Amino acid sequence: MNLRKLFIYKLKYELKCWFYLPVTFLKRVVIGRDKVFKRFFWDKWGFLPRSLARSVLSKKVIWVIANSGGELLQSLVLLNKIKEQYPQYLLVVSTESYDTFKYCRKQKAIDLVLFTPWDIPLVCR
């Protein structure tokens, strides 16, 4: 991909995130009743849970991104082995899927689950 196409792609991606910000805030946070969807909004915009912030300061973190349920199911054996070999590490899994998020919360090897933040400079900082 040449630089011009890459720039246009990244610009469209970032503009889309900012364009939908008010809509998703109203839909997920103000009107929405589901706590997971509220969490989705805050995680996507980089406002991660306080428990993660505190844990990151006290432990080393292994962060795994499993965007779909299939990716998570295929990585569960690996995640269990990681937790077994490195119990001192905090195992964090991020996902894009509502159902995968709920399923991750039931897994004993996973310490913290969150939605993958937007890949834009302000959020990443």
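In the block above lies the structure referred to throughout.
About the cut-offs
Residues numbered from 1 in each chain as written. Predicted model: local features only at pLDDT ≥ 70, side-chain atom pairs only at ≥ 80, totals over all residues. Heavy atoms only, no water. Helix = DSSP H or I, 4+ residues; strand = E, 2+ residues; numbered from the N terminus. Buried < 20%, exposed > 50% of the residue type's maximum accessible area, 1.4 Å probe, protein only. Contact = heavy atoms within 4.5 Å. Areas by Shrake-Rupley, 256 points an atom, 1.4 Å probe, with all protein chains shown as cover. Patch = residues over 30% accessible without salt bridge, like charges linked within 9 Å, V, L, I, M, F, W, Y side chains within 5 Å. Salt bridge = Lys/Arg side-chain N within 4 Å of Asp/Glu carboxyl O. Axes fitted to C-alpha atoms, helices over the stretch in contact; angles between N-to-C directions. Parallel < 35°, antiparallel > 145°, perpendicular 65-115°, else oblique. Left-handed = near helix turned anticlockwise from the far one by under 90°. Nonpolar A, V, L, I, M, F, W, Y, C, P; charged D, E, K, R; others polar. Pairing = 2+ DSSP bridges.

> Looking at this structure, I do not really get the overall build of the protein. What am I missing?
Helices and strands together make up the secondary structure of the protein, namely six helices and three strands. When its C-alpha atoms are laid out on the principal axes, the protein stretches across 45 × 40 × 30 Å. Looking at the protein residue by residue over its 125 residues, the buried ones come to 31%. Contacts spanning at least 24 positions in sequence make up 62% of the contacts within the protein whose residues lie at least 6 apart. As displayed, the protein has an accessible area near 9000 Å², and 61% of this comes from carbon and sulfur atoms.

> Got a minute to help me understand a nonpolar patch on the surface in this structure?
A cluster of nonpolar side chains, Phe 25, Leu 26, Val 30, Ile 31, Trp 42 and Phe 47, forms an exposed patch at the surface whose accessible area comes to about 600 Å². Here the nonpolar patch takes three residues from helix H1 (residues 3-30), the largest share from any one element. Of note, Phe 25 is situated in helix H1.

> Which parts of the structure should I look at to understand the packing of H1 against helix H2 (residues 35-44)?
Angle between the axes and distance between the axes are the two parameters that describe a pair of packed helices. Running from N to C, H1 and H2 cross one another at 150°; their axes reach a closest spacing of 8 Å. In terms of axis orientation, H1 runs roughly antiparallel to H2. Here H1 and H2 pass one another in a crossing that is left-handed. Contacts between H1 and H2 pair Leu 21, Thr 24, Phe 25, Arg 28 and Val 29 from the former with Phe 37, Lys 38, Phe 40, Phe 41 and Trp 42 from the latter. The residue makeup of the contact of H1 with H2, split by class, is seven nonpolar, one polar and two charged.

> Can you walk me through the side chain of Gln 107 in this structure?
If you trace the backbone, Gln 107 turns up in the loop between helix H5 (98-105) and strand E3 (112-115). Take Gln 107: its relative accessible area is 18%, and that puts it in the buried class.

> Which parts of the structure should I look at to understand the sheet that holds strand E1 (residues 61-65)?
Whether parallel or antiparallel, the strands of a sheet pair through hydrogen bonds between backbone atoms. A sheet is described by the order of its strands in space; here three strands give the open sequence E1-E2-E3, paired in parallel fashion. Strand pairing shows two members of the sheet lacking a second neighbour, E1 and E3, which therefore form its edges. Averaged over all adjacent pairs, the angle separating strand axes in this sheet is 25°, with direction ignored. Bridge count for E1 against strand E2 (residues 90-95) is five bridges, and the pairing is parallel. From the neighbouring strand, Ile 65 faces E2, where its bridge partner is Ser 94. Contacting E1 and E2, helix H4 (residues 69-85) runs over the sheet at an angle of about 170° to E2.

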